[in-house]
Amino acid sequence: MTKTALIVIAVLASIALLVFFGELLMLLFAAILIAAVLDSGVALIKRFLPIHRLVALILTIVISIMLVGFALVAGGMTIIDQLDALSGVLGDAWRMLADQLNDWGVPVLRTFNAEDIWERLPEPQTMFGGAGAVLGTGFGMLSNLVIVSLVGIFLAADPSRYRDGLVLFVPVWFRPRLGAVLDRAGATLQRWLVGQLALMVIVGGATTVLLLVMGVNYALSLGIIAGLLNFIPFLGPILGFVPIGLAMIGQDMTTALIVLGGYTLIQQADANVLSPLIQDRVVNLAPALTIAFLLLMGIILGPIGVALATPLLAALRILVLELYVGDVLGDEAVKKA
């Protein structure tokens, strides 16, 4: 069987799996992302301590749990209380804005819920079968999180074992090449993810400082939301602008202009300075392709598809360049890049 035939079969199989088991595959991909983060921690610890990989993984998990626990003890209840209060404030602000727009003849709903957006999109289980419905009804969010975390931990404990198991499904002559490509895709994904987490912290921290300096209520919660949404390139900053903009309703004009202008400058610095320095050296994704892929994943899989679309595209880019452009089309420059 030729390389071209293998790649065509792999592409068709991937499309079929995405169509019928999309949500399950996204959860597995989320586990791979968790494994990538844990593997980065393991590599950092082993750089300073000559210990077994499993011990380094346990240390990484313990340190992560301690950091999360410290955050919850130090400000967790404050954050939870702020988020709870902020949801009510944003709801009231949206109703005020909707009333004004309706008075001007612009028809908008007075009640706003992010889930309403996704309800207007075709349901995955309606379009592609019942796999998504089974997953959604069979497990709750908490159980999904636990399962994904456990799978991620097992993957991080011995990643080569699972990679070697995957390459067993291709002919013997193709296994070394596929293994090398998977290693490169994994390394690229890991660097992208670590860089994106750093950008999230920077954007979230800068936004929080801006809001605190301007005396805006719920500054910590709004900063956390901005940082988390920054995980989604292009679309995330726009979504992050919405709660900050709603929070400015009722503020004086000077404060609103400084906050919205400052947030815009933070996002511009992220897009034009920080991201090129951190991310473009790892994987240079074309903006139009990224946005189109975000929309496609959103239509097929909803919010989870949008959240994981960019790292998935980053990994797919390496696979396509290496296995198709490099091997099938014979572009040796791609292999050396």
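Residues numbered from 1 in each chain as written. Predicted model: local features only at pLDDT ≥ 70, side-chain atom pairs only at ≥ 80, totals over all residues. Heavy atoms only, no water.

**A look at the overall build of the protein chain**
The criterion, for reference: Every helix listed is a DSSP run of H or I at least four residues long, and every strand listed is a run of E at least two residues long, numbered separately from the N terminus. For every residue, the accessible area obtained with a 1.4 Å probe (protein chains only) is divided by the maximum for its type, and the residue is called buried under 20%, exposed over 50%, and partly exposed between those limits. Whether two residues are in contact is decided by their heavy atoms, any of which lying within 4.5 Å being enough. Note that accessible areas follow from Shrake-Rupley with a 1.4 Å probe, and for residues the cover is restricted to the protein chains shown.
In terms of helices and strands, the protein chain carries 14 helices and zero strands. Per-residue burial over the protein chain gives 34% buried out of 337 residues. Considering only intrachain contacts with a sequence separation of at least 6, the fraction spanning at least 24 residues in the protein chain is 66%. Surface exposure of the protein chain reaches about 19100 Å², of which carbon and sulfur atoms provide 74%.

**What about the packing of helix H10 (residues 235–247) against helix H11 (residues 253–278)?**
Formally: Whenever a helix is involved, its axis is fitted only over the stretch in contact; in every case the axis is a line through C-alpha atoms, and angles between N-to-C directions fall within 0 to 180 degrees. Working definition: roughly parallel below 35 degrees, roughly antiparallel above 145 degrees, roughly perpendicular at 65 to 115 degrees, and oblique for all remaining angles. Crossing handedness is read from the near helix: turned anticlockwise from the far helix by less than a right angle, it gives a left-handed crossing, and turned clockwise, a right-handed one. Put simply, Ala, Val, Leu, Ile, Met, Phe, Trp, Tyr, Cys and Pro go in the nonpolar bin, Asp, Glu, Lys and Arg in the charged bin, and everything else, Gly too, in the polar bin.
Following both chains from N to C, one finds H10 and H11 inclined at 165°, their axes separated by 11 Å at the closest point. As judged from the angle between their axes, H10 and H11 are roughly antiparallel. Considering how the two elements wind past one another, H10 and H11 form a crossing that is right-handed. For the pair H10 and H11, the contacting residues are Pro237, Gly240, Phe241, Ile244 and Gly245 in the first and Val259, Leu260, Tyr263, Thr264 and Gln267 in the second. Taken together, the residues of the contact of H10 with H11 break down into six nonpolar, four polar and no charged.

**Some details on the packing of aromatic side chains**
The following threshold applies: Classification of ring pairs uses Phe, Tyr and Trp, with its six-membered ring standing for Trp, and accepts pairs whose centres are within 6.5 Å; under 30 degrees between planes counts as stacked, over 60 as edge-to-face, and the remaining range as tilted.
Under the defined criterion, the tally for this structure stands at three aromatic pairs. Look at tryptophan 192 and phenylalanine 231: their rings are 5.7 Å apart centre to centre, the planes differ by 75°, and that puts the pair in the edge-to-face class. Of this pair, tryptophan 192 sits in helix H8 (residues 175–213) while phenylalanine 231 sits in the loop between helix H9 (219–229) and H10, placing them 39 residues apart in sequence. Classification of tryptophan 192 by relative accessible area gives buried; the value is 3%. A centroid spacing of 6.0 Å and a plane angle of 50° characterise the contact between phenylalanine 241 and tyrosine 263, whose relative ring orientation is tilted. Note that phenylalanine 241 is positioned in helix H10 and tyrosine 263 in helix H11, a separation of 22 residues in sequence. The class of phenylalanine 241 is partly exposed, set by a relative accessible area of 33%.

**Considerations on the packing of helix H7 (residues 159–167) against H8**
One can describe the packing of H7 onto H8 by two numbers: an axis separation of 9 Å at closest approach and a directional angle of 135°. Judged by the angle between their axes, H7 and H8 are oblique. Regarding H7 and H8, the two cross each other, and that crossing is right-handed. Residues Arg163, Leu166 and Val167 of H7 pack against Arg175, Leu178, Gly179, Leu182 and Asp183 of H8.

**Some remarks on the pattern of salt bridges**
This is how it is decided: A carboxyl oxygen of Asp or Glu within 4 Å of a side-chain nitrogen of Lys or Arg is what we treat as a salt bridge.
Overall, the coordinates contain five salt bridges when judged by the stated rule. Of the charged contacts, one joins aspartate 164 and arginine 163 as a salt bridge, the two residues approaching to 2.8 Å between their closest N and O atoms. Overall, aspartate 164 belongs to the partly exposed group, its relative accessible area being 36%. On the accessibility criterion, arginine 163 (26% relative accessible area) is partly exposed. Close ionic contact of arginine 177 with glutamate 322 constitutes a salt bridge, the shortest N to O distance being 2.6 Å. Of this pair, arginine 177 sits in helix H8 while glutamate 322 sits in helix H13 (residues 303–328), and the two are 145 residues apart along the sequence. Owing to a relative accessible area of 3%, glutamate 322 belongs among the buried residues under this scheme. Here the salt bridges share partners, and the residues they tie into one network are Arg163, Asp164 and Asp183.

**Some details on the confidence of the model for the protein chain**
Low pLDDT means the predicted atomic positions in that stretch should not be read closely. The following threshold applies: As a per-residue measure, pLDDT reflects the predictor's confidence and takes values from 0 up to 100.
Of all residues in the protein chain, 75% attain a pLDDT of 70 or more, and the chain-wide mean is 79. At the low end of the mean pLDDT range in the protein chain sits helix H4 (residues 124–128), at 40; at the high end sits H8, at 90. Here residues 114–139 is a poorly scored stretch, pLDDT under 50, and it has 30 contacts once near neighbours within four places are set aside; other chains count.

**Regarding the environment of leucine 294**
Mapped onto the fold, leucine 294 is located in helix H12 (residues 287–301). Leucine 294 sits 60 residues away from phenylalanine 234 along the chain, and the two C-alpha atoms are 9.5 Å apart. What leucine 294 contacts, discounting residues up to four positions off in sequence, is Ile232, Pro233, Leu235, Val306, Ala309 and Thr310.

**A closer look at a nonpolar patch on the surface**
Going by this rule: Excluding any residue in a salt bridge, patches collect residues exceeding 30% relative accessible area, merging like charges within 9 Å and nonpolar Val, Leu, Ile, Met, Phe, Trp and Tyr side chains within 5 Å.
Judged by side-chain polarity, Leu44, Phe48, Leu49, Val55, Leu59, Ile63 and Leu67 come together as a nonpolar surface patch covering roughly 660 Å² of accessible area. Within the residue set of the nonpolar patch, elements represented by two or more residues are helix H1 (3–48) and helix H2 (53–103). Along the chain, the position of leucine 59 falls in helix H2. Here leucine 59 falls in the partly exposed class, since its relative accessible area comes to 34%.

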